[in-house]
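Examining the three-dimensional arrangement
Each chain, written out:
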Amino acid sequence: MKIKFEDIRPDSDSSFRILLTPRLQNTFLWHYHPEYELVYIDGANGTRHIGNHLSRYEGSDLVFIGPNVPHLNFDYGVQTEHQKVVVQLKENFLGEGFFNAPELSQVRELFERGREGVSFFGETKVNIGRRLKRLNELHHFQQLMELLDIFQTLATSSEAQALGASPVQLEHSFAEQQRLQKIYHFVEVHYREQIRMEEIVALSNLSHAAFCRYFKRMTGMTFTVFLNQYRINQAKRLLLQQYNVSESCYESGFENLSHFNKTFKKIAGENPKDFRKRHLQA
């Protein structure tokens, strides 16, 4: 069983597709498709796994994903009542050259940024989430106008975070996917604790050398880099919830502040204090 290719057909009398709460929480759907995807989920805590990016969202999430980037369904493992809206569309869903119009220059830039994944937070997430929930109530022409306005709003929002997700190798066996799923779940549960490499290797049922080769092939990074990125993503979430730098450091699994600051700056391009200040004053 290979990674699933999702064949997407636009809705009847429409140039794009809208999915409402598809109820896939018990399905580990690691898949890809050539369409762009705008996803909003509300009332859930879950995994955001896009390409080689993996983090945890809390309460709700709003993400724009580019073509052919493998991703996990956002409702995987969710046990709470939730709402999910997915809009899927081809880059040329309005015809070749449509986005070359000068009026759409910012939307065109958003689509370029979307190739690596973009998440949105704050009032942007709340506002766009509310509008996406109502999208299916509109007639097709109104849906199109509303969707273009949503893209313009996202394109000009400062409440956005680039995920830096790059496509990974698409052809993986089901056993390899299941092994990766076990590792991800272990990290999700235990990232606040000290995680020893021996634990992860034992979990994979591979030798140390074989595990290192396997994980790099599957994710494009070493396990240490992956774990640091996951913890920094958790720290960013805490900082945006007005935790201070020290609290965010220890709550995200780092054992000393110096290492946390150094790792945060290496991954995020700025120190945590500046990150917190920039976003909370935005």
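Within each chain, residues carry numbers counting from 1 in the order of the written sequence. Residue-level local features of this predicted model are given only where pLDDT is at least 70; pairs of side-chain atoms are given and counted only at 80 or more, and the full residue set underlies all totals for whole chains, interfaces and linings. Note that water and hydrogens are dropped before the side-chain values are worked out from all heavy atoms of the structure.

1. Re the pattern of salt bridges
Rules: Take a side-chain nitrogen of Lys or Arg and a carboxyl oxygen of Asp or Glu: if they are within 4 Å of each other, that pair is a salt bridge. Type-normalised accessible area, obtained with a 1.4 Å probe on protein chains alone, sets the label of each residue: buried when under 20%, exposed when over 50%, and partly exposed for intermediate values.
Counting across every chain of the model gives eleven salt bridges. Residue Glu 112 is joined to Arg 115 by a salt bridge in which the shortest nitrogen-to-oxygen separation is 3.5 Å. Accessibility expressed as a relative area gives 31% for Arg 115, which makes it partly exposed. Overlapping salt bridges, with partners in common, bring together Glu 91, Glu 112 and Arg 115 in one network.

2. Side note on helix α5 (residues 197-204)
Applied cut-off: Secondary structure is summarised from DSSP: a helix means a run of H or I of at least four residues, a strand means a run of E of at least two, and numbering begins at the N terminus for each. This arc is built from the directions going out from the helix axis to the C-beta atoms.
Taken together, the buried positions of α5 are occupied by Ile 200, Val 201 and Ser 204. Seen from one end, α5 has its buried residues packed into an arc of 100 degrees, which puts them on one side. Pointing more than 90 degrees away from the buried face of α5 are the exposed residues Glu 198 and Ala 202. A positive phi of about 60 degrees marks Asn 205, the residue just after α5.

3. Concerning helix α9 (residues 257-268)
Since one α-helical turn is 3.6 residues long, residues separated by three or four positions face the same way. Selection rule: Here the expected length of a helix is defined as 1.5 Å per residue gap, with one fewer gap than residues. Contacts described as polar in this section are N or O atom pairs within 3.5 Å, which, within protein, must combine one atom able to donate a hydrogen with one able to accept it, while residues neighboring in sequence count only if both atoms come from side chains.
Compared with the 16 Å implied by 1.5 Å per residue over twelve residues, the 16 Å span of α9 between its first and last C-alpha is a close match. At the N-terminal boundary of α9, the capping side chain belongs to Asn 256, with an oxygen 3.3 Å from the backbone nitrogen of Ser 258. Gly 269 occupies a position one or two residues after α9 and carries a positive phi of about 85 degrees.

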